[in-house]
Amino acid sequence: MPTPPIHRPQPQAPAPAPTLTPAPDETVSRLRAAFLTGRTRPAAWRKDQLRALRTLLIEHQEEFAAALHADLGKSGTEAHLTETGFVVNEIDHTLRHLDRWLRPRRVPVPLSLAPARARTVREPLGTVLIISPWNYPLMLALAPLVGALAAGNCAVIKPSELAPATSALLADRLPRALDPEAVAVVEGAVPETTALLEQPFDHIFYTGNGTVGRVVMAAAARRLTPVTLELGGKSPAVVEPGADLRAAARRIAWGKFMNAGQSCTAPDYVLAIGDTAPALERHLTTAIREMYGTDPAASADYGQVVNDRHFDRLLALLEDREGGGGNGLGGARLVTGGEHDRTTRYLAPTVLADVAPDAPVMREEIFGPILPIVRVPDLDAAIAFITARDKPLALYGFTASGRTKRRLATETSSGALAFGVPNAHLSVPGLPFGGVGESGLGSYHGAHSIDTFSHTKAVLDKPLLLDPLRAVYPPYTRTKDRLLRRFL
Ligand code: NAD
């Protein structure tokens, strides 16, 4: 067992669930009333809010980094890269393009309706609920908030109780930095979220697992509230012979072991085509050593597992306690890693080889630092493997072949498809971020957030002065009937 590193915060007893003051119904009523005053509609208000959020993140980045370190052992660099800096970029992109995104769009009117003008306008939905998870507890609460505010909504944020330091900081800072009549943070766990879900919202934006996603959708159905579900799943990385395996291994290791494997878009497993597995195993081992040293427990850049429940779940997968495989891994071979320390919730970056397609580690989203490699003979087998399972949030291809790229693009379905690099598609502000099927419903980021948090209203304007429409009013004479059939 490794000695607990100095930087790794010791687990603490869970904080008592905070009491809600005021009650969720009062908070939601207050925000709904504020929305009806129209204060959130002007573009100037929206931009002011975004600028205020930007200032908060920049001026208090050390404080946010400390909270993220306390919750997940995140390094300052990773906290900037994937949390505060990410949201600041999202704000900058939104401020740059918001006026254009909000502009009404002219739509052609058929001749039979002339003279008239038609356009679409973006209308805020009202008061939205954002429920976020613990793995990127700042980014996954605030990136949707950027879209909600940019689209002119009020918003209630329910951060994850499993990242209590970040949750408390958001609850303290956001209402002071932003318009408190329009933005509220409600802390808490299942009872508080359940109470919120009983309130009338105009949209519910949920990020987390599919089981709770179903609870959210069922609650939303009672009021026909639209939902966005940002879920997870097993995102494969397909590696083909002919690809630069050293570079592929580095990129896969970076995407997988960031945040100790607790990223929704992390490569969940590798499908190693043909004879790529042995070289990949070697290169992955080297890449892990280069990134985190020979003892990752001592690396300030390596995170920790979020809580004991997840730690025990990951260890059970690793030891295949239920499966009872001959070597303790359900037949799989331990390439590197496996060291662990429950007191610090440390699990080393771990690679498993020769993993059976039905091994326990292949039955559920791993969401931790364990990377199984499954061998498949060819691309056909890789595609069959992927399409036989739930549609993933992301699919990654490491190949030098244009034909393989085309085949993966057309013969598989996933929230996103990226070649040569995992996770990075999130940082392309023009790309929608979301899943398909079991990995989610709807998307956001940049202009796609405006789509998600607005109603696109159809507006038709026909002057009353001229009335060629008389031709379509009853009574329908034979002449009118002929005219209508000819021109409409
Ligand atoms: P979590 O446990 O923090 O739950 C997410 C939110 O749901 C929290 O705010 C929590 O309070 C609330 N919640 C939990 N149980 C509830 C219940 N019974 N009723 C109502 N609300 C409830 O986070 P998690 O679900 O463990 O997050 C991990 C999952 O999220 C993984 O599957 C991961 O892939 C997925 N994820 C997806 C994305 C994405 O953007 N698509 C991002 C991050 C994580």
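Sequence order as written defines residue numbering, which begins from 1 separately in each chain. Reporting of local features is limited, given that this is a predicted model, to residues whose pLDDT is at least 70; pairs of side-chain atoms are given and counted only at 80 or more, and all residues count toward the totals for whole chains, interfaces and linings. With hydrogens and water stripped out, all remaining heavy atoms of the structure feed into the side-chain values.

Next up on the list: the site of the ligand. Only a single heavy atom is needed: when it lies within 4 Å of a molecule or strand, its residue is near that molecule or strand. Among the 27 residues in the neighbourhood of the ligand, the closest are listed as Ser160, Glu161, Asn209, Leu231 and Glu365. Take Ser132: an N or O atom from its main chain is 2.8 Å from an oxygen atom of the ligand. Polar contact criterion, stated in full: a pair of N or O atoms within 3.5 Å, where within protein one must be able to donate a hydrogen and the other to accept it, and residues adjacent in sequence count only if both atoms are side-chain atoms. Measuring from an oxygen atom of the ligand, one finds a backbone N or O atom of Gly208 at 3.1 Å. In this description, accessible areas are obtained by the Shrake-Rupley approach with a 1.4 Å probe, and a residue is regarded as covered only by the protein chains that are shown. Burial of the ligand by the protein chains amounts to 92% of its free accessible area of 850 Å². Secondary structure elements are taken from DSSP: a helix is a run of H or I of four residues or more, a strand is a run of E of two residues or more, and numbering for both begins at the N terminus. When contributions to the shell around the ligand are tallied by element, the ones reaching two or more residues are α7 (190-197), β6 (203-207) and α8 (210-221).

Time to look at the packing of helix α4 (residues 76-102) against helix α5 (residues 139-150). Fitting a line to C-alpha atoms yields each axis, with helices limited to the stretch in contact; the angle taken between N-to-C directions then spans 0 to 180 degrees. At a minimum axis distance of 10 Å, the contact between α4 and α5 shows a crossing angle of 15°. What the angle tells us is that α4 and α5 run roughly parallel. Our pair here, α4 against α5, has a crossing hand that is right-handed. Counted together, Thr82, Glu83, Phe86, Val87, Glu90, Ile91, Thr94, Leu98 and Leu102 of α4 and Met139, Leu142, Ala143, Val146 and Ala150 of α5 form the full contact between these two elements. Nonpolar residues are Ala, Val, Leu, Ile, Met, Phe, Trp, Tyr, Cys and Pro. Charged residues are Asp, Glu, Lys and Arg, and all others, Gly as well, are polar. Residues of the contact of α4 with α5, tallied by class, amount to ten nonpolar, two polar and two charged. Comment on the angle field: the value is read as roughly parallel under 35 degrees, roughly antiparallel over 145, roughly perpendicular from 65 to 115, and oblique elsewhere. Rotating anticlockwise by less than a right angle from the far helix to the near helix defines a left-handed crossing, while the corresponding clockwise rotation defines a right-handed one. Contacts are residue-level and defined by heavy atoms, with any inter-residue pair within 4.5 Å sufficient.

In this model, Ala114 is joined to Pro115 through a cis peptide bond whose omega is -5°. Here Pro474 and Pro475 are connected by a cis peptide whose omega angle stands at 0°. Turning to its location among the elements, Pro475 is positioned in the loop between β20 (454-461) and α15 (478-487). Positioned with a positive phi, Asp354 is a non-glycine residue whose angle comes to about 55°. As for its position among the elements, Asp354 is in the loop between β13 (350-353) and β14 (370-376). Not every positive phi belongs to a glycine, and Asn423 is a case in point at roughly 70°. Here Asn423 is to be found in the loop between β16 (416-419) and β17 (433-434). Note on Asn423: relative accessible area 8%, which makes it buried. Each residue gets one of three labels from its accessible area relative to the maximum for its type: buried under 20%, exposed over 50%, partly exposed in between, using a 1.4 Å probe on protein chains only.

Okay, helix α3 (residues 61-72) next. One less than the number of residues in a helix, times 1.5 Å, gives the span that helix is expected to have. For α3, spanning twelve residues, the distance from its first C-alpha to its last is 16 Å, which sits close to the expected 16 Å at 1.5 Å a residue. All of the buried residues along α3 are Phe64, Ala65, Ala67, Leu68, Asp71 and Leu72. Each buried residue of α3 sits inside an arc of 160° when the element is viewed along its axis, so together they form one side. Buried residues along α3 sit in contact with α2 (43-59), α4 and α6 (164-177). One or two positions beyond α3, positive phi appears at Gly73, with a value near 65°. The arc in question is the one spanned by the directions pointing from the helix axis to the C-beta atoms.

The pairing test for Phe, Tyr and Trp rings, Trp by its six-membered ring, is centres within 6.5 Å, and the orientation test on the planes gives stacked under 30 degrees, edge-to-face over 60, and tilted for anything in between. One pass over the full model with this rule turns up seven aromatic pairs. Here the aromatic rings of Tyr269 and Phe385 are separated by 5.8 Å at their centres, their planes lie at 55°, and the arrangement is tilted. Placement of Tyr269 in strand β9 (residues 267-273) and of Phe385 in helix α12 (residues 379-387) is noted, with a sequence separation of 116 residues between them. Both residues of the pair, Tyr269 and Phe385, count as buried. Plain terms: the ring middles of Tyr292 and Tyr302 are 5.1 Å apart, the flat faces sit at 65° to each other, and that makes the pair edge-to-face.

Note that Pro159 resides in the loop between β4 (154-158) and α6. Separated by 18 residues in the primary sequence, Pro159 and Ala177 place their C-alpha atoms 17 Å from one another. Sequence-distant contacts of Pro159, defined by excluding residues within four places in its chain, comprise Ser132, Ser167, Leu170, Val185, Val186, Glu187 and Gly188.

Turning to the pairing of strand β15 (residues 394-398), a few remarks are in order. Counting buried residues along β15, five of its five residues qualify, which places the element largely inside the surrounding structure. Residues Ala394, Tyr396 and Phe398 line one face of β15 and the alternating positions Leu395 and Gly397 line the opposite face, and both faces are buried. For two strands to pair, DSSP has to find at least two bridges joining them. Pairing between strand β8 (residues 235-239) and β15: three bridges, direction parallel. Its bridge partner being in β15, Ala237 is matched across the sheet by Tyr396. For the handedness criterion, the β-α-β arrangement of β15, helix α13 (residues 402-411) and β16 is classed as right-handed. By convention, orient the strands away from the viewer: a clockwise path from the first strand over the helix to the second makes the crossover right-handed.

This part covers the sheet that holds β16. Taking strand neighbours across the sheet as the criterion, the seven strands line up as β10-β13-β14-β9-β8-β15-β16 in an open arrangement whose pairing is mixed. The open sheet has two edge strands, β10 (333-336) and β16, and neither has a second partner. In this sheet, adjacent strand axes meet at a mean angle of 25° when their direction is disregarded. Each of β15 and β16 touches α13; the most contacted strand, β16, lies at about 170° to it.

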